[in-house]
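The chain contents come next:
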Amino acid sequence: MSDPMNVLAPEHRRLRIGDAWRDAASGATFAVEDPATGKTIAEVADADVVDGLAALDAASTAMAEWAATPPRKRSELLTATYRALTERSEEVARLITLEMGKPLAEARGEVAYGAEFFRWFAEEAVRVEGRYSIAPSGGYRILTVPKPVGPCVFVTPWNFPLAMGARKIAPALAAGCTTITKPAGQTPLTMLFLARIMEEVGVPPGVVNVVTTKRSGEVVSALLADGRTRKLSFTGSTEVGRVLLRQAADNVLRTSMELGGNAALIVCADADLDVALDGAMVAKMRNIGESCIAANRIYVEEPVREEFSARFAERMGALSMGHGLDDGVNVGALIDEASVTKIDELVADAVDRGARVLVGGERPDGPGHFYPPTVLVDVPDDARMLKAEIFGPVAPIISFTSDDEVMAKANDTEHGLAGYVFTRDLQRALRFAEGLDTGMLGINRGLISDPSAPFGGVKQSGIGKEGSHEGILEYLDLTYVAIDLPGPARCSGRPACAPAPPGRPTLPTPSRSRR
Ligand SMILES: O=CCCC(=O)O
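Reading the values: the criteria
- Residues numbered from 1 in each chain as written.
- Predicted model: local features only at pLDDT ≥ 70, side-chain atom pairs only at ≥ 80, totals over all residues.
- Heavy atoms only, no water.
- UniProt positions renumbered as here; feature names shortened; annotations may be inferred.
- Domains from an automatic or database assignment.
- Contact = heavy atoms within 4.5 Å.
- Buried area = accessible area lost by both parts, 1.4 Å probe.
- Salt bridge = Lys/Arg side-chain N within 4 Å of Asp/Glu carboxyl O.
- Polar contact = N/O pair within 3.5 Å; in protein donor to acceptor, adjacent residues only side chain to side chain.
- Helix = DSSP H or I, 4+ residues; strand = E, 2+ residues; numbered from the N terminus.
- Near = heavy atom within 4 Å.
- Areas by Shrake-Rupley, 256 points an atom, 1.4 Å probe, with all protein chains shown as cover.
- 1 Å grid on protein atoms, 1.4 Å probe; cavity = no way out; pocket = protein on both sides within 12 Å on 5 of 7 lines; lining within 4 Å.
- Sits in = over half its atoms within 2 Å of the grid points.
- Nonpolar A, V, L, I, M, F, W, Y, C, P; charged D, E, K, R; others polar.
- Points joined across faces, edges and corners; volume = space filled by probe spheres on them.

The name recorded for the protein in an unreviewed UniProt entry is Succinate-semialdehyde dehydrogenase (NAD(P)(+)), from Micromonospora saelicesensis. Taken directly from UniProt, the Sequence similarities (unreviewed entry) text for the protein runs: "Belongs to the aldehyde dehydrogenase family."

In structure tokens form, the structure reads like this:
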């Protein structure tokens, strides 16, 4: 196995601030681990508040020039980033697997997904529009002028170390904003690699800053308390999101919050069970279940419960667990010990309350943070895992007998991020689409993430959308300009509207034959 760390030279394991790669002011570093072995793979700079504010200095200084850079030029730099990521996909993917644990095939998928945000927003950068209209009274005109919101602070999670940063950085740059990203302490390397790629393709200094730190609380608080920061975008738990929202309130920041989920996946008796099984495998096992849109509760209509559960357990049991860089592995290591312990406790709690384990359910001995694919049936409504985000390869199956019953259970959560429904009945699907309180819904599909679609939740799953056309609007303020122009809108004077004034040439009237 070649060493994926070779792609990130020691000088790029430091803070990216302005035009420099710097050590932390204090000289402190922290260790990054391979979750599959528990071994240290790199030491990176551990920023404190001084470093965080230096990054904000750089982002603020670069702001005016970047906002004034022609959209076409910004677009070209985003396209160049897309191309560089695509060309270097294998290196980035190996780095993702090494620091995060997911299987290499999935890491390659993440690189394609992350790179696509740069391509999508390169195309959006040149399509930012305001509008012109006549006030209803006719007495003045209304003009809207979109403007970049200003320097942005991004707090990104460890589960998609590239893609979650990409879907914030790309629209911000497209809109003309500068950025400071604080990647998760477990997975800083991929974000540093992205910063290096963006430097190489020519993104100007100060536009993309990366601050790696284990002291997230103090560094992010200082950034949010500084009046120069104008926007916060966070992807992570609802719990942390609430804390950040309170801090963002002090300076009334624009916020985008992609928070926790508790997705219900509903299999109706009329579903094509092959399609439902494929969809459930993706919705549950993509990213080892470490995804905010992972199916957290699988509701199966009583007539197909037994067949679905048996076939699903067989497919889950056939997956192979191991180091993500090894051939044939489908299930890599989870991020850390705390995650494995939490999942183990949730399974034990469900079993204590009467659930049956069809497959998995016992953590293996040995190094690394592994938990096997697990299927539980007869999971009672009071099991803790039906309320908590499992964030791992564990699938609780619950049966249902009516659409009203399952809709009420699916909605009985503070979250409202994603859901999935499998049915061949279009009217039934539409009733679920209207009745489920989620920001996103897959119908006969387990994969819904797409840079060209608006990703985001309702209820306590978040605020705002990422990706798609809506994604760039999160980085634009609108100035409305009222222009005084009394009187009605004037006609241009074309012949169909009014006779031409004397002395002015008239347009020829088209002959019948030319119509
Ligand atoms: O975990 C949250 C994001 C998942 C995705 O973008 O598919």
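The structure having been displayed, the exposition proceeds.
### Concerning the domain arrangement of the protein
For the protein, the domain assignment lists domain 1 (4–259 + 466–477) and domain 2 (263–450). Domain 1 and domain 2 are separated by 31 Å when their C-alpha centres are compared. With 26 residues of domain 1 at the contact, the number on the domain 2 side is 28 residues. When domain 1 packs against domain 2, close to 2,100 Å² is buried across both sides, 58% of that on carbon and sulfur atoms. Inspection of the region where domain 1 meets domain 2 yields one salt bridge. Between Arg 242 and Glu 414 there is a salt bridge, and its shortest N-O distance comes to 3.6 Å. Here domain 1 and domain 2 share nine residue pairs in polar contact (both at pLDDT 80 or more) between them. Element by element, the count of residues in the side of domain 1 that touches domain 2 is highest for helix H3 (residues 89–100), at five residues.

### Things to note about the site of the ligand
Near the ligand the following residues occur: Tyr 113, Asn 159, Phe 160, Met 164, Arg 167, Arg 286, Ser 291, Cys 292, Ile 293, Ser 449 and Phe 455. A distance of 2.7 Å separates an oxygen atom of the ligand from a polar side-chain atom of Tyr 113. Within the side chain of Ser 449, an N or O atom sits 2.4 Å from an oxygen atom of the ligand. Protein contact buries 99% of the 240 Å² of open area that the ligand shows by itself. Of all the cavities here, the one that holds the ligand is the largest pocket. Residues that form the shell around the ligand fall into these classes: six nonpolar, three polar and two charged. Counting only domains with at least three residues in the shell around the ligand, you end up with domain 1 (4–259 + 466–477) and domain 2 (263–450).

### Considering empty space enclosed by the protein
On inspection of all chains with the given rule, the structure shows four cavities of 30 Å³ or more. Lining the largest cavity are 17 residues, with Ala 264, Arg 297, Ala 410, Ala 418 and Thr 438 positioned closest to its centre. Those elements that provide at least two residues to the lining of the largest cavity are strand E12 (263–267), helix H12 (403–411), strand E17 (415–416) and strand E18 (418–422). Of the residues contributing to the lining of the largest cavity, the split by class is eight nonpolar, seven polar and two charged.

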